[in-house]
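Observations on the three-dimensional arrangement
Chain residues, written in single-letter form:
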Amino acid sequence: MEEVVVIVGAGPAGLATFTCLKQLNIPSIVLEREDCYASLWKKRSYDRLKLHLAKQFCSLPHMPYPPHTPTFVPRVEFIKYIDSYVEKFDINPKYNRSIESSNLVSGDFERYIAKFLVVATGENSKDFIPQIPGMEGFEGHILHSSDFKSGKEFDGKKVLVVGCGNSGMEIAYDLSNHGASTSIVIRSPFHIVNKEMIWLGMSLLSYLPLWLVDSITLTLARLIYGNLTKYGLHRPTRGPFELKVKLGRSPVIDVGTVGKIKQGKIKVCPEMTKIEKNNVEFNNGEIQQFDALVFATGYQSTTNKWLKVYELVAHEIYCTGLSRRGLAGVSFDAQKVADDIALILKSEKRQN
Ligand SMILES: Cc1cc2nc3c(=O)[nH]c(=O)nc-3n(C[C@H](O)[C@H](O)[C@H](O)COP(=O)(O)OP(=O)(O)OC[C@H]3O[C@@H](n4cnc5c(N)ncnc54)[C@H](O)[C@@H]3O)c2cc1C
Ligand SMILES: NC(=O)C1=CN([C@@H]2O[C@H](COP(=O)(O)OP(=O)(O)OC[C@H]3O[C@@H](n4cnc5c(N)ncnc54)[C@H](OP(=O)(O)O)[C@@H]3O)[C@@H](O)[C@H]2O)C=CC1
Ligand SMILES: O=C(O)C(=O)Cc1c[nH]c2ccccc12
């Protein structure tokens, strides 16, 4: 099949790119490996999830949130917003199409030839679980954060959350709220802030230099949280916005986990060294028993597995949503990519 634009992935980035192209009268086709759009939000996120950034930073191109949407949009309302987006722009992705090489689509081995290929497969394409010696013999339940729905399934259980990014810190909070005896592995420094600080910082970034926004954010963080080193939480030497802008590392936006750590309701553990039956050993020599391990250890991209430029059957290749800037980055990329494709098509038309 010969197409003008093939978009791989029907997450917010793929849907936004389709829409921006459509507004410019450029047809495109969206291919999705799952059986639905926005699969990360529909199938691979936990119940209590809310957007961490205020809605002004999280809308998709050409459609604002409906009036009365809460400032920090809950997961279900975000999904409803995406549903309306898909309906409004009449987007019909082709489902169960997993791209396995840049010129083949799995299943019936359909083949698409496109002038432009847009990679919108997201930064959370594949779960990452580190190999810990002995983990194959663990006698409890092991899961990745993307399969975690709610702490209510763990009431009365001893649960270890591995990883202290936004997922791990929020899942630990949820587990503890639901009566699980909760511990969390924290092995590296990270910034802990709250969503108001991020909102303020994001707004100030339009007027003030990065270092000053970081300095204001850190002053507020110190006032609110105090010194957390005695609880095993250390801050990096570089500021939270500098790390986000330069390295794409997100600060952790506290949902109440720090309070629970201070009260001793969530126990902080160092790096794990090995697992034996239900026992987990840590690098301070301590051994503890657990019923479940939740690996909130992040994701890997899979693009390198299928995207091989030498076998490419498109003239131009673009990426949307792969620059670690969340939904704001998704919208920005989609618009830029669509504008660029429009420009190329126009200049080709003029030449012909
Ligand atoms: C738990 C969680 C919470 C988050 N919260 C926020 C937030 O509050 N604010 C924010 O700005 N960002 C947040 N993010 C970041 C998030 O990645 C983006 O918000 C957004 O989902 C990115 O959209 P995307 O379309 O780039 O990727 P995704 O939503 O991951 O969509 C990519 C799509 O591509 C499909 N796909 C992947 N590989 C293939 C293939 N080979 N063939 C076909 N299809 C494929 C996937 O199935 C998926 O449907 C969060 C991320 C996570 C994990
Ligand atoms: N409401 C929201 O807006 C939410 C947003 N998100 C976003 O989704 C993205 C993914 O977040 P998340 O799922 O938390 O993944 P991240 O990649 O952000 O975090 C992974 C964590 O796992 C740790 N880790 C990895 N390997 C090991 C190991 N062997 N032992 C101990 N710890 C380990 C990492 O620590 P180390 O640094 O030491 O490697 C890090 O703390 C982020 O951009 C995040 O901001 C996630 C949840 C909610
Ligand atoms: O949730 C994430 O990881 C995001 O990437 C959203 C985001 C974009 N810019 C930011 C600045 C500070 C904290 C989170 C984000």
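Residues numbered from 1 in each chain as written. Chains lettered and ligands numbered in written order. Predicted model: local features only at pLDDT ≥ 70, side-chain atom pairs only at ≥ 80, totals over all residues. Heavy atoms only, no water.

As a packed pair, helix H6 (residues 210–225) and helix H7 (residues 240–247) sit with axes 7 Å apart at the nearest point and diverge in direction by 135°. When the axes of H6 and H7 are compared, the pair comes out oblique. Of the residues in H7, those in contact with Leu-210, Val-213, Asp-214, Thr-217 and Leu-218 of H6 are Pro-240, Phe-241, Glu-242 and Val-245. Grouping the constituent residues of the contact of H6 with H7 by class yields 6 nonpolar, 1 polar and 2 charged. (Axes fitted to C-alpha atoms, helices over the stretch in contact; angles between N-to-C directions. Helix = DSSP H or I, 4+ residues; strand = E, 2+ residues; numbered from the N terminus. Parallel < 35°, antiparallel > 145°, perpendicular 65-115°, else oblique. Contact = heavy atoms within 4.5 Å. Nonpolar A, V, L, I, M, F, W, Y, C, P; charged D, E, K, R; others polar.)

Going through the model one piece at a time under the given rule, you end up with 14 salt bridges. The salt bridge involving Arg-238 is made with Glu-242; its shortest N-O contact spans 3.0 Å. With a relative accessible area of 34%, Arg-238 lands in the partly exposed category. (Salt bridge = Lys/Arg side-chain N within 4 Å of Asp/Glu carboxyl O. Buried < 20%, exposed > 50% of the residue type's maximum accessible area, 1.4 Å probe, protein only.)

Spatially, 5 strands are ordered S7-S16-S8-S9-S12 in an open sheet, and the strand pairing comes out parallel. Every other strand in the sheet has two partners, leaving strand S7 (141–144) and strand S12 (266–269) as the edge strands with one partner each. The mean inter-strand angle of the sheet, taken between neighbouring strand axes irrespective of direction, is 20°. Sheet analysis places S7 next to strand S16 (residues 292–295), joined by 4 bridges and oriented parallel. In the sheet register, His-141 faces S16, and the bridge partner there is Ala-292. Against the sheet, helix H4 (residues 166–177) touches strand S8 (158–162), strand S9 (181–185), S12 and S16, its axis set at about 165° to S9. (Pairing = 2+ DSSP bridges.)

Before going further, it helps to spend a moment on the site of ligand 3. Residues in contact with ligand 3, as listed here, are Leu-53, Ile-198, Met-202, Lys-244, Ser-250, Pro-251, Arg-325 and Gly-326. For ligand 3, an oxygen atom lies 3.3 Å from a polar atom in the backbone of Gly-326. Contact with the protein chains hides 78% of the accessible area of ligand 3, taken as 360 Å² for the molecule alone. Partitioning the shell around ligand 3 into residue classes produces 4 nonpolar, 2 polar and 2 charged. (Near = heavy atom within 4 Å. Polar contact = N/O pair within 3.5 Å; in protein donor to acceptor, adjacent residues only side chain to side chain. Areas by Shrake-Rupley, 256 points an atom, 1.4 Å probe, with all protein chains shown as cover.)

A positive phi angle is found at Asp-90, which is not glycine, with a value near 50°. Its identity is not glycine, yet Arg-324 carries a phi of approximately 55°, on the positive side. Structurally, the position occupied by Arg-324 is in the loop between strand S18 (316–319) and helix H10 (326–351). On the basis of relative accessible area, Arg-324 is assigned to the partly exposed category, the value being 44%.

As a matter of local geometry, ligand 2 sits amid 19 residues, with Lys-50, Asn-166, Ser-167, Arg-187 and Ser-188 nearest to it. Within the side chain of His-52, one N or O atom sits 3.1 Å away from a nitrogen atom of ligand 2. The protein chains hide 73% of the 920 Å² of surface that ligand 2 would expose on its own. Class assignment of the residues belonging to the shell around ligand 2 gives a composition of 8 nonpolar, 9 polar and 2 charged.

Let's shift gears to the packing of aromatic side chains. The full count for this structure, using the stated rule, is 9 aromatic pairs. Geometrically, the ring pair formed by Phe-116 and Tyr-318 is tilted, given 6.4 Å between the ring centres and 40° between the ring planes. Taken together, the positions of Phe-116 in strand S5 (residues 113–119) and Tyr-318 in strand S18 put the pair 202 residues apart, joining distant regions of the chain. As far as burial versus exposure is concerned, Phe-116 and Tyr-318 are alike and both buried. When the ring of Phe-148 is compared with that of Phe-154, the centres are 5.9 Å apart and the planes differ by 15°; the resulting orientation is stacked. Sitting above the plane of the Phe-72 ring, Lys-195 keeps its charged end 4.9 Å from the centroid. (Phe/Tyr/Trp six-rings, centres within 6.5 Å; stacked < 30°, edge-to-face > 60°. Lys NZ or Arg CZ within 6 Å of the ring centre and 35° of its normal.)

Turning to the side chain of Glu-32, a few remarks are in order. The topology assignment puts Glu-32 in the loop between strand S2 (28–31) and helix H2 (39–43). Beyond its immediate sequence surroundings of up to four residues, Glu-32 is in contact with Gly-9, Ala-10, Gly-11, Ser-39, Lys-94, Tyr-95, Asn-96 and Arg-97.

What follows concerns the pairing of S2. Neither face of S2 is exposed, since Ser-28 and Val-30 on one face and Ile-29 and Leu-31 on the opposite face are all buried. One ladder, built from 4 bridges, connects strand S1 (residues 2–8) with S2; its direction is parallel. Bridge pairing links Val-8 to Leu-31 in S2. One crossover worth recording links S1 to the parallel S2 by way of helix H1 (residues 12–23), and it is right-handed. (Right-handed = clockwise from strand over helix to strand, strands pointing away.)

Here Gly-259 shows up in helix H8 (residues 257–262). With relative accessibility at 29%, the residue Gly-259 sits in the partly exposed group. Residues Gly-259 and Pro-240, 19 residues apart in the sequence, show an inter-C-alpha distance of 20 Å.

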